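Residues per chain, in single letters:
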Amino acid sequence: MTRSATIAVSPRDQGLPVTREEYDVIDGVMQMAPSPSFEHNDAESALITVLRNYLQRKPIGKAVIETDVFLPDGGDPLRPDISLILNENLQIVKTHIHGTPDLVCEVLSAAT
């Protein structure tokens, strides 16, 4: 199913081509969000490091950051901070994740 999306753009962005992979889409509306803060990225880096160190010792799956997830219901694409896919479910990995990850992690800030 194809959904149309709307987005408010500034004059300097007018006419620039975009794909849905470049922005978050919520209820068919593209959302432009500022880049994450230093603290957010620091926390995300620490968490993925711990998770990947564990997966090196026990290779039960793959963990990635900021990868689009397309759920089976055909809803909006999601981009969790961290996604883990167990080995037995790696068939959902294409250029993006097409299915439900086994674990997703979101780093929250005081603003959220």
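Rules of the game
- Residues numbered from 1 in each chain as written.
- Predicted model: local features only at pLDDT ≥ 70, side-chain atom pairs only at ≥ 80, totals over all residues.
- Heavy atoms only, no water.
- Helix = DSSP H or I, 4+ residues; strand = E, 2+ residues; numbered from the N terminus.
- Buried < 20%, exposed > 50% of the residue type's maximum accessible area, 1.4 Å probe, protein only.
- Contact = heavy atoms within 4.5 Å.
- Pairing = 2+ DSSP bridges.
- Axes fitted to C-alpha atoms, helices over the stretch in contact; angles between N-to-C directions.
- pLDDT = per-residue confidence, 0-100.
- Salt bridge = Lys/Arg side-chain N within 4 Å of Asp/Glu carboxyl O.
- Expected span 1.5 Å × (residues − 1).
- Arc of directions from axis to C-beta.

Asks: Describe the environment of Ile85, naming the residues involved and giving the relevant values.
Replies: With respect to the helices and strands, Ile85 occurs in strand 5 (residues 82–86). Assessed through its relative accessible area of 2%, Ile85 is described here as buried. Along the sequence, Ile85 and Thr100 sit 15 residues apart, while their C-alpha atoms lie 8.4 Å from each other. Ignoring anything within four residues of it in the chain, the contact list for Ile85 reads Gly61, Lys62, Leu90, Ile92, Val93, Ile97, Pro101 and Asp102.

Asks: If you had to explain the sheet that holds strand 5 to someone new, which residues and values would you point to?
Replies: Spatially, 3 strands are ordered 3-5-7 in an open sheet, and the strand pairing comes out antiparallel. Strands at the two margins of the open sheet, each flanked by one partner only, are strand 3 (61–65) and strand 7 (103–105). Taken over all neighbouring pairs, the strand axes of this sheet differ in orientation by 15° on average, direction set aside. Sheet analysis places strand 5 next to strand 7, joined by 3 bridges and oriented antiparallel. Along strand 7, the bridge assignment pairs Ser83 with Val104. Along the sheet, helix 1 (residues 38–57) contacts strand 3, strand 5 and strand 7; its crossing angle with strand 3, the most-contacted strand, is approximately 165°.

Asks: Could you give me a rundown of the environment of Val64, with the residues and numbers involved?
Replies: Mapping Val64 onto the fold places it in strand 3. For the pair Val64 and Asp81, spaced 17 residues apart in the sequence, the C-alpha separation amounts to 8.3 Å. Those residues in contact with Val64, other than ones at most four positions away along the chain, are Ile48, Arg52, Asp81, Ile82, Ser83 and Ile97.

Asks: Tell me what's going on with the confidence of the model for the protein, and back it up with residues and numbers.
Replies: Do not read the predicted coordinates in detail wherever pLDDT is low. Scored by pLDDT, the protein comes out at a mean of 81, with 68% of its residues at no less than 70. Of all the helices and strands in the protein, strand 1 (residues 24–26) carries the lowest mean pLDDT, 63, while strand 5 carries the highest, 98.

Asks: Break down the pattern of salt bridges for me, citing the residues and quoting the values.
Replies: In this structure the tally under the stated criterion is 1 salt bridge. With a shortest N-O distance of 2.6 Å, Arg79 and Asp68 are connected by a salt bridge. In this pair, Arg79 sits in the loop between strand 4 (69–70) and strand 5 while Asp68 sits in the loop between strand 3 and strand 4, placing the two residues 11 residues apart along the sequence. Judged by relative accessible area, Arg79 falls into the partly exposed class, the value being 24%. Residue class for Asp68 comes out buried when judged on its relative accessible area of 5%.

Asks: Now, about helix 1: what can you tell me, with residues and values included?
Replies: The terminal C-alpha atoms of helix 1, which comprises 20 residues, lie 29 Å apart, in line with the 28 Å expected from a rise of 1.5 Å per residue. Among all positions in helix 1, only His40, Glu44, Ile48, Leu51 and Leu55 are buried. Buried residues in helix 1, looked at end-on, bunch into an arc of 65°, giving them a common side. Turned more than 90 degrees away from the buried face of helix 1, the exposed residues are Phe38, Glu39, Val50, Gln56 and Arg57. Against strand 3 and strand 5 lie the buried residues of helix 1.

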